[in-house]
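Results of the structural survey
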Amino acid sequence: MKIQFLGTAASEGFPDAFCDCDNCTGARRLGGPSLRKRSAALIDDILLIDLGPDLMAAALVHNLSLAKIEYCLQTHEHEDHLEPRNLAWRSQFCGVYGNPMLHYYATEGALAKLAADIGRRALGGLGEGSEASVALNVTTHVVAPFQTYQVGPYRVSTVKGHHDPEHLVPLLYLIERDGRTLFYATDTGEIPEETWQALQGRKIDVVAMDHTFGFQKRSNGHMNAEQFQEQMARMQADGLLNSGARVFAHHIAHHSHPPHSELSAYAEGKGYAVAYDGLVVAI
Ligand SMILES: [Zn+2]
Ligand SMILES: [Zn+2]
Ligand SMILES: [Zn+2]
């Protein structure tokens, strides 16, 4: 299995187009891995995590085609992770034909936002076999925390993050293939106890986890570096990490992090790495 990060920024992107802080100015000057689009990831070129607002830019910058994606796992419905109009852009409405059916997995709340935002093209609903589902070439599947199901060649388990609990249900995903496991864990604050319980007995090879507030104070719905390291330590203490497991900081906000090289040097000293846009990791 391999993961390619298509975007690794928090909601506003890094640099934030409207910001001239030292971090944004430094990122513009240095370019390369310091330039971060909104978070999304691609597994083995066929499974997408999050139908995000920067997919078009990611495909362009990293010279990728997303025509072959067959599956999409949605973490939650915040705007920096879900741009429903992507579905129209990969369908006959925009002159695209012959792609595989996209199996789209999301919570009830995310599916409601998807149907509302895609407007008249979703009239009649996106249920399996419906007119809209056929026209948009998508089949939706409702998922909830603490379920395990088969997604093509992947065994996928959902657990619950701690993120905007009054408005949505945030999903973190364990994705397994050929005995290897990825834990995709953004956006979340400190991992809830019920999720730790659900993770017991798992062996994880690669973790991509929320680091939104980096060098700022501790956060509730996201994590700073200290909280990130505490979750890592708990994973180690609970025996959840396979030998040789790698942990990556993800969802990096401009207000809390220096450009990539400086941030990476810090993380390396603490035993983890920092994801960047375009990075491919073999799992
Ligand atoms: Zn986010
Ligand atoms: Zn800034
Ligand atoms: Zn969010």
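The coordinates are above.
Residues numbered from 1 in each chain as written. Chains lettered and ligands numbered in written order. Predicted model: local features only at pLDDT ≥ 70, side-chain atom pairs only at ≥ 80, totals over all residues. Heavy atoms only, no water.

1. Digging into the packing of aromatic side chains
Formally: Note on aromatic contacts: the rings of Phe and Tyr and the six-membered ring of Trp form a pair at centre separations within 6.5 Å, being stacked when their planes are under 30 degrees apart, edge-to-face when over 60 apart, and tilted otherwise. Think of it this way: any DSSP run of H or I at least four residues long counts as a helix, any run of E at least two long counts as a strand, and we number them from the N terminus. When accessible area is computed with a 1.4 Å probe and restricted to protein chains, residues below 20% of their type maximum are described as buried, those above 50% as exposed, and intermediate ones as partly exposed.
Within this structure, the stated rule accounts for 4 aromatic pairs. Between Tyr-105 and Tyr-149, the ring centres sit 5.3 Å apart and the planes meet at 20°, which makes this aromatic pair stacked. One end of the pair, Tyr-105, is in strand S5 (residues 102-106); the other, Tyr-149, is in strand S7 (residues 148-151), and 44 residues separate them in sequence. Judged by its relative accessible area of 8%, Tyr-105 is buried. Classification of Tyr-149 as buried rests on a relative accessible area of 13%. Pairing Phe-215 with Tyr-266 gives two aromatic rings, centres 4.7 Å apart and planes at 75°, and the pair type is edge-to-face. Highlighted residues: Phe-215 in the loop between strand S11 (204-210) and helix H7 (225-237) and Tyr-266 in helix H8 (residues 260-269), separated in sequence by 51 residues. Note on Tyr-266: relative accessible area 28%, which makes it partly exposed.

2. Comments concerning the sheet that holds S11
Counted only if it meets this: We treat two strands as partners when DSSP finds at least two bridges between them.
Taken together, the 7 strands give an open sheet; going across it, the order is S7-S8-S9-S10-S11-S12-S13, and neighbouring strands pair in mixed fashion. Strands at the two margins of the open sheet, each flanked by one partner only, are S7 and strand S13 (273-274). Bridge count between strand S10 (residues 180-185) and S11: 4 bridges; the pairing is parallel. Opposite Leu-182, over in S11, you have Val-206 as the bridge partner.

3. Some points on the coordination of the zinc ion (ligand 3)
The condition that has to hold: In this listing, donors mean N, O and S atoms no farther than 2.8 Å from the metal, or 3.2 Å for Na, K and Ca; water is missing from the atoms, so a site can look incomplete. Angle rules define the geometry names used: all angles between 85 and 135 degrees makes four donors tetrahedral, while opposite donors over 155 degrees apart and all other angles between 65 and 115 make four donors square planar and six octahedral, leaving every other case irregular.
For the zinc ion (ligand 3), the full set of protein donor atoms is His-76 (NE2), His-78 (ND1), His-163 (NE2) and Asp-187 (OD), and the range of their distances to it is 2.1 to 2.6 Å. The coordination sphere of the zinc ion (ligand 3) comprises 4 donor atoms, whose angles at the metal cover 91 to 167°; the geometry is irregular. Motif for the zinc ion (ligand 3), donor spacing along one chain: H-x1-H-x84-H-x23-D. The metal-metal distance between the zinc ion (ligand 3) and the zinc ion (ligand 1) is 3.5 Å, with Asp-187 coordinating both. With His-78 in the loop between strand S4 (71-73) and helix H3 (86-89) and Asp-187 in the loop between S10 and helix H6 (193-199), the pair connects residues that are 109 residues apart, well separated along the chain. Here the two residues His-78 and Asp-187 agree in accessibility, since each one is buried.

4. As for the state of the cysteines
The test is simple: In plain terms, two cysteine sulfur atoms within 2.5 Å form what is called a disulfide here.
Considering all chains together, one arrives at 0 disulfides under this definition. The cysteine Cys-94 is free of any disulfide, with Cys-72 supplying the nearest cysteine sulfur at 17 Å.

5. Some details on the coordination of the zinc ion (ligand 2)
Listed as protein donors to the zinc ion (ligand 2) are Cys-19 (SG), Cys-21 (SG), Cys-24 (SG) and His-254 (ND1); their distances from the metal cover 2.1 to 2.4 Å. Considering all 4 donor atoms around the zinc ion (ligand 2), angles at the metal cover 101 to 117° and the coordination shape is tetrahedral. Donor residues for the zinc ion (ligand 2), ordered by position in the chain, follow C-x1-C-x2-C-x229-H. We classify Cys-21 as partly exposed; its relative accessible area is 24%. For Cys-24, a relative accessible area of 0% puts it in the buried group.

6. What about the pattern of salt bridges?
Rules: Salt bridge, as used here: a side-chain nitrogen of Lys or Arg that lies within 4 Å of a carboxyl oxygen of Asp or Glu.
As enumerated under the stated definition, the model contains 16 salt bridges in all. Among the ionic pairs, Asp-117 bridges to Lys-113, the shortest N-O distance being 3.2 Å. Residue Asp-117 and its partner Lys-113 are both found in helix H4 (residues 108-118); the two are separated by 4 residues, about one turn of the helix. Between Arg-202 and Glu-176 there is a salt bridge, with its nearest N and O atoms 2.8 Å apart. In this pair, Arg-202 sits in the loop between H6 and S11 while Glu-176 sits in strand S9 (residues 171-177), placing the two residues 26 residues apart along the sequence. Judged by its relative accessible area of 18%, Arg-202 is buried. According to the relative accessible area criterion, Glu-176 is partly exposed, its value standing at 26%. Ionic contacts of the salt-bridge type, sharing partners, join the residues Glu-190, Arg-218, Glu-226 and Glu-230 into one network.

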